[in-house]
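An overview of the molecular structure
If you want the building blocks of each chain, they are given just below.
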Amino acid sequence: MGLIVDDDNDGEVLIPPPNFSMVEDGIYRSGFPQLENFGFLSTFNLRSIIYLCPEPYPEDNLKFLHSNNIKLFQFGIEGKTDPPTPMPKDTVLNALRVLVDVRNHPILIHCKRGKHRTGCLVGCLRKVQNWCLSSVLEEYQMCAGLKWRQRDLRFIEDFEVLRLKQCLYSIIYQYNGYGLKRRKLLYQEENVVQEQQKPQATKG
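Everything numeric in this text was worked out from a predicted model, so none of it was measured.

1. Brief notes about the packing of aromatic side chains
Per the counting criterion, the structure on display carries nine aromatic pairs. Centre to centre, the rings of phenylalanine 20 and tyrosine 28 are 5.7 Å apart; their planes meet at 15°, and the pair counts as stacked. With respect to class, phenylalanine 20 is no different from tyrosine 28; both count as buried. Among the aromatic residues, those joined into a ring-pair cluster are Phe20, Tyr28, Phe40 and Phe44.

2. Let's talk about helix α4 (residues 116–128)
With 13 residues, α4 should reach 18 Å at 1.5 Å per residue; the first-to-last C-alpha distance of 18 Å fits that figure. Across the 13 residues that make up α4, a large majority, 13, are buried. Just past α4, the residue asparagine 130 takes up positive phi, approximately 65°.

3. Considering the confidence of the model for the protein
Within the protein, residue pLDDT values average 80, and 72% of them lie at 70 or more. The low-confidence segment residues 172–199 (pLDDT under 50) makes 37 contacts with residues lying over four places distant or belonging to another chain.

4. A short note on the pairing of strand β4 (residues 27–30)
Because side chains alternate across β4, one face comprises the buried residues Ile27 and Arg29, and the other comprises Tyr28 and Ser30, equally buried. Relative to β4, strand β3 (residues 21–24) runs antiparallel, the two being bridged by three bridges. Note that in β4 the partner of methionine 22 across the bridge is tyrosine 28. Turn length for the β3-β4 hairpin, with the two strands adjacent in sequence and antiparallel, is two residues, and the turn residue glycine 26 shows positive phi of about 85°. Of the strand pairs in this sheet, β4 and strand β7 (residues 107–110) are connected by four bridges, and their pairing is parallel. Directly across from tyrosine 28, in β7, lies its bridge partner leucine 108.

5. Points about the pairing of β7
In β7, alternate side chains face the same way, and those of Ile107 and Ile109 on one face and Leu108 and His110 on the other are all buried. Where strand β5 (residues 48–51) meets β7, four bridges bridge the pair, whose relative direction is parallel. Paired with isoleucine 50 across the bridge in β7 is isoleucine 109.

6. Notes on unusual backbone geometry
Residue proline 106 is bonded to the preceding histidine 105 through a cis peptide linkage, with omega at -5°. Assignment of secondary structure puts proline 106 in the loop between α3 (89–100) and β7. Residues other than glycine seldom take positive phi values, yet asparagine 19 does so here, at roughly 60°. Here asparagine 19 lies in the loop between β2 (12–14) and β3. What makes asparagine 19 partly exposed here is its relative accessible area of 39%. Phi is positive for asparagine 130, which is not a glycine, with a value near 65°. On the secondary structure map, asparagine 130 appears in the loop between α4 and α5 (133–144). Here asparagine 130 falls in the exposed class, since its relative accessible area comes to 62%.

Rules and cut-offs
Residues numbered from 1 in each chain as written. Predicted model: local features only at pLDDT ≥ 70, side-chain atom pairs only at ≥ 80, totals over all residues. Heavy atoms only, no water. Phe/Tyr/Trp six-rings, centres within 6.5 Å; stacked < 30°, edge-to-face > 60°. Buried < 20%, exposed > 50% of the residue type's maximum accessible area, 1.4 Å probe, protein only. Helix = DSSP H or I, 4+ residues; strand = E, 2+ residues; numbered from the N terminus. Expected span 1.5 Å × (residues − 1). pLDDT = per-residue confidence, 0-100. Contact = heavy atoms within 4.5 Å. Pairing = 2+ DSSP bridges.

Structure representation (structure tokens):
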């Protein structure tokens, strides 16, 4: 995505972060946002950011989040290649739980370059969405470019969607029976409030 001129803000030039793209309505992905990208990101009214690196978030970025009421979810996944660091399954599951929760949308996923760690998380999301595996892996490779990693493909391929039930038992999918029948996430409270018993008439 190239430069965008915002006519509503005196022709301000909006610069997207590297590798920025939309995953789904309300879900975006990119490389690490810099100061010059804040104006662009503010147009999306983000509610949350998933940050997939172990390093502390920069102070300028934290100020941007605070001023725009954006919540930060950090999942410190190492990105080392020598020696290669495997993707931690439990950490990805926790990040996925945040990602599918529409109460956190609009949401941006990013690591450093928006390719490998971000690509693995998006790939797992696609499996939850019942994409065919070939399309999931093709999307990962397309976004990773020439630097795609075979171990990332194996991680996505081996990711067990059924494990998601262990940490997402309070979220259910329901299709609306109108319009485009877009899938939405509905919520069930973990503590179900039992219906109060009606007072019974007493015999006098």
